[in-house]
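Report on the structure
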Amino acid sequence: MSEVYITDAVRTPIGRYRGSLASVRADHLGAHVLDALLVRNRGLDVGDVDDVVFGCVTQVGEQSANIARTSVLGAGWPDSIPGLTIDRKCSSGEVAVHVGAGLIAAGSASVVVAGGAENMSRVRMGGNRDVYGEAFGWLASERCELTSQGEAAERLADKWQLTRTQLDQFAVASHARAAAAAENGYFQSEIVPVPVASLMEKSWDQPAPESFSEDETIRPGSNVEKLATLQTSFREDGCLTAGNSSQISDGAAALLLASKAACERYDLRPRARVVSFVTVGSDPTLMLTGPITATRTVLAKSGLSIDDIDLFEVNEAFSSVPLVWQKELGVETEKLNVNGGAIALGHPLGASGARIMTSMLNELERRGARYGLQAICCAGGMGTATVIERL
C-alpha cells in the first residue's frame with residue numbers, strides 16, 4: 001500500500017451564526033478553499049487532481065446535489081475532475097480525508113483534495129428532516145433507546161459525575177486558548193481570507209464585509225460567572241448550555257493529499273504522513289463516547305501509545321465529550337485542544353474534521369512536535385480518529 005502524505009491544508013476563517021459568511025453559499029466556500037490550495041502549490045496543475053472528497057452533513061437545498069462536485073465546478077476546475085460528498089455526521093470532514101487517503105493507498109489516485117463545507121446560517125441543521133422525515137425508523141427505535149445529542153451529552157455528565165462548573169470551566173479555557181492563539185498569529189498560516197463581496201449570493205440584500213479574514217466566534221472575555229447565568233439547553237435541571245456547547249457556524253477546509261511519487265512529480269512538500277485512521281460504532285444511546293474507543297483502536301493500529309502522541313484534538317461538540325474522553329484516557333490538559341476547539345472556534349458540521357486536522361498540523365509544525373491524534377464523536381453512536389506524523 002502506498003504511503004499517503006498531507007502536503008498542504010487550508011481553511012476559511014469561521015463565521016458565527018448569521019455573521020460574516022451568512023451571504024456565501026457552502027459550495028462557494030468550498031470552491032474558495034480549492035482555489036487557495038492551487039495558488040499555494042504552483043507546481044501542481046489542476047488537471048493533476050484525481051478526485052475531490054468533501055464532507056457535508058445537511059445535504060438539502062443549496063447544500064444538496066453533491067457539494068464536492070459543485071465546488072469543483074464553481075472553482076472552474078476541469079469537468080474531468082469528479083467529486084464525492086459524504087455524511088458521517090460531525091466527522092464528515094475527517095472521514096473525507098480517510099476516503100482520500102484510502103484511494104491513494106490503494107493506488108486508485110495520486111492526488112486527492114479532501115475536506116468539507118457547511119453554512120449553517122443558510123442551511124439549518126436538521127433541515128433535511130423537514131424534507132425526509134424523522135431520523136430513525138421504528139425498527140431502530142424499538143431496538144435502541146434513541147436520544148438527542150444534547151440529552152446524550154447530559155447523560156455523559158451524569159455517568160462521569162461532571163458538574164456544570166466543570167463544563168463551564170472547560171468552555172472558558174477553550175475561548176482563552178483560542179483567543180491567545182489568534183492574538184499570537186498561530187492561525188494565520190492556515191486561514192485563507194474570504195472575499196465575501198465577490199462570492200456572496202447575488203440576491204443578498206443585507207450588509208456584508210468586503211473580505212473576512214479572522215475567526216469571529218472567539219469570545220476572549222468569557223468567564224465562568226457569565227456562563228453560569230445561561231439557561232440550560234436540553235434539561236431544565238441539566239448542565240449543558242449554549243455556552244459550554246459547540247457553536248453553530250459557517251466555514252470550509254481542505255487538505256491536499258498525495259502519494260510519494262506525486263510529491264516528487266509535482267514538487268509538493270510532504271508536511272505530514274497519514275499514519276492510521278479508524279471509524280467505530282459506539283453505544284447509540286450515550287452516542288458521544290465513540291472517540292474513546294476510536295482513540296484506543298487507532299493507537300493499536302498505528303503501534304503507538306498514548307505517551308507517543310504530542311497533541312490531541314477531541315471535538316468539542318459539548319464540554320462533556322472531551323472531559324469524559326480525558327477521564328478515560330488520562331491525557332494531560334496541556335496536550336488537549338491546545339488552541340481551543342469547537343466551543344470557541346465553531347463547528348460547521350461537514351467542515352470541522354478537516355478544520356481540526358488543518359489546525360493540528362500547523363500546531364505540530366509550530367512546536368516541532370511529531371505525532372498528532374484527533375477524534376470526533378458522531379450522531380447515532382460512532383467515533384472517528386486519525387493519527388498523523390509531522391515530517
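Residues numbered from 1 in each chain as written. Predicted model: local features only at pLDDT ≥ 70, side-chain atom pairs only at ≥ 80, totals over all residues. Heavy atoms only, no water.

**Considerations on the overall build of the protein chain**
To be explicit about the condition: Under the scheme used here, helices are H or I runs from DSSP no shorter than 4 residues and strands are E runs no shorter than 2 residues, and both carry numbers assigned from the N terminus. Only C-alpha atoms enter the radius of gyration; for comparison, a globular chain is expected to reach 2.2 Å times N to the power 0.38, where N is the number of residues. Any residue under 20% of the maximum accessible area for its type is buried, any over 50% is exposed, and the rest in between are partly exposed; the area is computed with a 1.4 Å probe on protein chains only.
The helix and strand tally for the protein chain stands at 14 helices and 10 strands. Its C-alpha atoms give the protein chain a radius of gyration of 20 Å, within 12% of the compact-globule value 21 Å for 391 residues. Considered along the principal axes of its C-alpha atoms, the protein chain spans approximately 60 × 55 × 50 Å. Going through the 391 residues of the protein chain one by one, you find that 59% of them count as buried.

**Observations concerning the nonpolar core**
Here is the rule we go by: Each nonpolar core is a collection of buried residues, namely Ala, Val, Leu, Ile, Met, Phe, Trp, Tyr and Cys, held together in the definition by side-chain atoms within 4.5 Å. Contact between two residues is taken to exist if any of their heavy atoms lie within 4.5 Å; hydrogens are not considered.
Counting 44 residues, the largest nonpolar core has L288, I309, F312, W325 and L373 as its most contacted members. Within the residue set of this core, elements represented by two or more residues are α6 (149–159), α7 (164–183), β7 (272–281), α11 (290–302), β8 (311–314), α12 (320–329), β9 (371–378) and β10 (382–390). The biggest single contributor to this core is α12, with five residues. The contact partners of I309, leaving out residues within four places of it in the chain, are L299, L304, K335, Y371, G372, L373 and V387. Counting 40 residues, the second largest nonpolar core, distinct from the first, contains V24, L29, A75 and A258.

**Focus: a nonpolar patch on the surface**
Which entries qualify depends on this criterion: Only residues whose relative accessible area exceeds 30% and that form no salt bridge are eligible for patches; like-charged ones are grouped when within 9 Å, while nonpolar side chains (Val, Leu, Ile, Met, Phe, Trp, Tyr) are grouped when within 5 Å. Accessibility throughout is a Shrake-Rupley quantity obtained with a 1.4 Å probe, and a residue counts as covered only by protein chains that appear here. For salt bridges, the criterion is a side-chain nitrogen of Lys or Arg within 4 Å of an Asp or Glu carboxyl oxygen.
Taken together, Y17, M125 and I248 make up a surface patch of nonpolar side chains, about 270 Å² in accessible area. Within the secondary structure layout, Y17 lies in the loop between β2 (15–16) and α1 (26–40). Since its relative accessible area comes to 39%, Y17 is described here as partly exposed.

**So, unusual backbone geometry**
Of note, R18 is a non-glycine position whose phi angle comes to about 60 degrees, a positive value. With respect to the helices, strands and loops of the structure, R18 is situated in the loop between β2 and α1. Although it is not a glycine, M287 sits at a positive phi angle of roughly 65 degrees. The topology assignment puts M287 in the loop between β7 and α11. Since its relative accessible area comes to 4%, M287 is described here as buried.

**Comments concerning the pairing of β7**
Just so we agree on the cut-off: At least two DSSP bridges between two strands are needed for those strands to be called paired.
Judged from the two bridges that link them, strand β1 (residues 5–11) and β7 form a sheet pairing that is antiparallel. By the bridge assignment for β7, Y5 is matched with R273. Relative to β10, β7 is paired through nine bridges, and the arrangement is antiparallel. When the sheet's bridge partners are listed, T279 is paired in β10 with T384.

**Section: the pattern of salt bridges**
Per the counting criterion, the structure on display carries 22 salt bridges. Close ionic contact of E190 with R11 constitutes a salt bridge, the shortest N to O distance being 2.7 Å. With E190 in the loop between α7 and α8 (196–199) and R11 in strand β1, this pair connects stretches of sequence that are 179 residues apart. You'll find E190 and R11 in the same group, each marked buried. One salt-bridge network, in which partners are shared between bridges, spans E145, E151, R155, D158 and R235.

**Quick look at α7**
Formally: To estimate how far a helix should extend, the number of its residues minus one is multiplied by 1.5 Å.
Relative to the 28 Å expected for 20 residues at 1.5 Å per residue, α7 spans 29 Å between its end C-alpha atoms, a close match to the ideal helical length. Where α7 is buried, its residues touch α9 (224–227), α12 and α13 (342–345). Once α7 ends, the next one or two residues include G185, with phi positive near 80 degrees.

**Re the side chain of T295**
Short version of the rule: Any pair of nitrogen or oxygen atoms within 3.5 Å is treated as a polar contact; in protein, a donor-acceptor pairing is required on top of that, and neighbouring residues in sequence qualify only through side-chain atoms on both sides.
Among the secondary structure elements, T295 is positioned in helix α11. A polar atom in the side chain of T295 sits 2.7 Å from the backbone oxygen of P291. Setting aside residues no more than four positions away along its own chain, T295 makes contact with I306, W325, L329, L373, A375 and A385.

**Observations concerning the packing of aromatic side chains**
What counts, and what does not: Each aromatic pair joins two rings of Phe, Tyr and Trp (for Trp, the six-membered one) with centres within 6.5 Å, and gets the label stacked for planes under 30 degrees apart, edge-to-face for over 60, and tilted for any other angle. The criterion for a charge sitting over a ring is simple: Lys NZ or Arg CZ within 6 Å of the ring centre, and within 35 degrees of the ring normal.
Counted by the stated rule, this structure contains two aromatic pairs. Sitting over the face of the ring of F187, R11 holds its NZ or CZ atom 5.1 Å from the ring centroid. Directly above the ring of Y186 sits R366, whose terminal nitrogen or CZ lies 3.7 Å from the centroid.

**Notes on the packing of helix α3 (residues 92–105) against helix α14 (residues 352–367)**
What counts is decided by this rule: Under this scheme, a helix contributes an axis fitted over its contacting stretch, all axes are lines through C-alpha atoms, and angles between N-to-C directions fall in the 0 to 180 degree range. Here roughly perpendicular refers to angles of 65 to 115 degrees, roughly parallel to angles under 35, roughly antiparallel to angles over 145, and oblique to all remaining angles. Here the nonpolar group is Ala, Val, Leu, Ile, Met, Phe, Trp, Tyr, Cys and Pro; Asp, Glu, Lys and Arg are the charged ones; every other residue, Gly included, is treated as polar.
Where α3 meets α14, the axes come as close as 4 Å, and the angle between the chain directions of the two elements is 75 degrees. Our classification of the angle between α3 and α14 gives roughly perpendicular. Judged by residue contacts, G93, E94 and V97 of α3 engage G353, A354 and M357 from α14. Tallied by class, residues from the contact of α3 with α14 come to three nonpolar, two polar and one charged.

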